[in-house]
Amino acid sequence: MKVLVATEKPFASIAVEGIRKEIENVGFEFELLEKYQEKADLLRAVADADALIVRSDKVDGEVFNAAKNLKIVVRAGAGYDNIDLVSATEHGVSVQNTPGQNSNAVAELVFGMAIMAVRNMYSGTSGTELKSKRLGIHAFGQVGRNVARIAKGFGMDVSALDPYCPDSVMEEAGVTPIHSLDKLYSENEVVSLHIPATSETKGSVGYELLTKMPKGGLLINTARKEVIDEDGLLKALEERPDLKYVADVKPDNAGLLEEKFSGRVFFTPKKTGAQTAEANINAGIAAACQCVDFLLNGTDKFRVNK
Ligand code: 3PG
């Protein structure tokens, strides 16, 4: 059995060695394809793979067609919007993710970006503090819960909206449940986005919600660029000079936003939320173990396709 790790954005080398060990310990073959530039490289490498481990790498119908032996794809991370689930099912391939494994890393980056924004992008001008600010967490999954834990340490007043999460889970974490989007955005000076990119959420955060934010509002997006309505964001930033937007990965109109709203926007050049040795080890080794357990025992616990 051959397990291919194909990561355009590489894991830390210590994580790669951990993955290799898990694969080779059971007598499977390990292959590594890092920093590939062309899809053709992935298509070639996957041709005889039984299992594939990826990050945000695009796994579409063409990849499944090229991978005649493929039985499982594990997205080492949370969001699997980069994988064509319908095509996977048509090809009889199990798709799994590794929920929670990189969530602390992403949550810590939220605060790195929050502090940068409230300190005016470290320009040396007088900024503000996070203490006593109201933070609204948009989706209370694994990352949202870590954000809440850290926010408490900063002395923030934390609330969250998540129709899929019982109020009691939020209350146990000292978080006030909110049941409407309008309220989440109108009542919080800082909103942190943690919704996945789905057909319902894509383009769902834009002008209407942003202009509801209180004076000095800050939107932090460490989720996906696709959940933002970029025209609406541009209009909101134009009309409300007090608003700021910081995101882990550039929006499509990044150049325009940076030019028009210098000092009020910041974008990481490459998605960096899960880019820590710890998160790479956690997610990468979990992915390797899931591949092994699936190939040896058929374990499908983290399957996300039907
Ligand atoms: C995730 O969904 O797990 C994060 O967005 C991390 O993505 P990455 O593995 O490409 O850094």
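See the structure printed just above.
Quick caveat, the model's predicted, so the values are computed rather than measured. (Residues numbered from 1 in each chain as written. Predicted model: local features only at pLDDT ≥ 70, side-chain atom pairs only at ≥ 80, totals over all residues. Heavy atoms only, no water.)

Please explain the site of the ligand as it appears in this structure.
Neighbouring the ligand are K9, R55, S56, R75, G77, A78, G79, N102, R224, K271 and A274. Separating an oxygen atom of the ligand from a side-chain N or O atom of K9 is a distance of 2.8 Å. Between the ligand and the protein, one listed contact pairs an oxygen atom with a backbone N or O atom of G79 at 2.8 Å. Within the shell around the ligand, the residues separate by chemical class into two nonpolar, four polar and five charged. (Near = heavy atom within 4 Å. Polar contact = N/O pair within 3.5 Å; in protein donor to acceptor, adjacent residues only side chain to side chain. Nonpolar A, V, L, I, M, F, W, Y, C, P; charged D, E, K, R; others polar.)

Please clarify how the sheet that holds strand β2 (residues 29-34) should be interpreted in this entry.
Sheet strands associate in pairs through backbone hydrogen bonding, adopting either a parallel or an antiparallel arrangement. Read across the open sheet, the five strands follow the order β2-β1-β3-β4-β5; overall the sheet is parallel. Bordering the open sheet on either side are β2 and β5 (94-97), each of which pairs with just one other strand. Strand-to-strand twist of the sheet, defined as the mean angle between neighbouring strand axes without regard to direction, takes the value 15°. Bridging between strand β3 (residues 51-54) and strand β4 (residues 72-75) involves four bridges; their strand directions are parallel. What sits directly across from A51, in β4, is I72. Packing against the sheet, helix α2 (residues 39-46) makes contact with β1 (2-7), β2 and β3, and its axis sits at approximately 170° to β1. The strands touched by helix α12 (residues 277-297) are β1, β3, β4 and β5; relative to β4, the strand with the most contacts, the crossing angle is about 160°. (Pairing = 2+ DSSP bridges. Helix = DSSP H or I, 4+ residues; strand = E, 2+ residues; numbered from the N terminus. Axes fitted to C-alpha atoms, helices over the stretch in contact; angles between N-to-C directions. Contact = heavy atoms within 4.5 Å.)

Honestly, the packing of helix α1 (residues 13-25) against α12 in this entry has me stumped. Any pointers?
Axis angle and axis distance: for two packed helices, these are the angle between their axes and the distance between the axes, and together they describe the pair. At their nearest, the axes of α1 and α12 sit 8 Å apart, and the two run at 15° to each other. When the axis of α1 is compared with that of α12, the two are roughly parallel. The element α1 and its partner α12 pack so that their crossing is right-handed. Listed contacts from α12 to I14, A15, G18, I19, E22 and I23 of α1 are A277, N280, I281, G284, I285, A288, C289 and V292. (Parallel < 35°, antiparallel > 145°, perpendicular 65-115°, else oblique. Left-handed = near helix turned anticlockwise from the far one by under 90°.)

Please clarify how the pattern of salt bridges should be interpreted in this entry.
Two side chains carrying opposite charge are able to pair once their charged atoms lie near each other. If you walk through the whole model with that rule in mind, you get 19 salt bridges. The salt bridge involving K39 is made with E62; its shortest N-O contact spans 2.7 Å. With a gap of 23 residues between them, K39 in helix α2 and E62 in helix α3 (residues 61-66) connect regions that are remote in the sequence. For the salt bridge of D50 with K71, the shortest nitrogen-to-oxygen distance reads 2.6 Å. Linking D50 in the loop between α2 and β3 with K71 in the loop between α3 and β4, this pair joins segments that are 21 residues apart in sequence. Within the structure, one salt-bridge network assembled from shared partners comprises K2, E31 and D48. (Salt bridge = Lys/Arg side-chain N within 4 Å of Asp/Glu carboxyl O.)

Whenever I open this one, the packing of aromatic side chains confuses me. Can you help?
Note on aromatic pairs: each is described by the distance of the centres and the angle between the planes. With the rule as written, the count across this model stands at two aromatic pairs. Over the aromatic face of Y207 sits the side chain of K235, whose NZ or CZ is 4.0 Å from the ring centroid. (Phe/Tyr/Trp six-rings, centres within 6.5 Å; stacked < 30°, edge-to-face > 60°. Lys NZ or Arg CZ within 6 Å of the ring centre and 35° of its normal.)

I would appreciate a short explanation of the side chain of K244 in the present structure.
On the secondary structure map, K244 appears in strand β11 (residues 244-247). Lacking a salt bridge, the buried K244 has D242 as its closest oppositely charged neighbour, with an N-O distance of 9.8 Å. Polar side-chain contacts of K244 include one of 2.9 Å to the side chain of N120. (Buried < 20%, exposed > 50% of the residue type's maximum accessible area, 1.4 Å probe, protein only. Lys, Arg positive; Asp, Glu negative; His and termini not counted.)

What is the right way to look at the sheet that holds strand β10 (residues 218-221) in this model?
Here seven strands make up an open sheet; going across it, the order is β8-β7-β6-β9-β10-β11-β12 and the pairing parallel. Because the sheet does not close on itself, it has two edges, and the strands there are β8 (176-178) and β12 (265-267). Strand after strand, the sheet turns through a mean of 20° between neighbouring axes, direction not considered. By the bridge criterion, three bridges tie β11 to β12 in an arrangement that is parallel. Bridge pairing in β12 links V246 to F266. The sheet contacts of helix α6 (residues 142-154) involve β6 (134-138) and β7 (157-161), and relative to β6 the element is tilted by about 170°.

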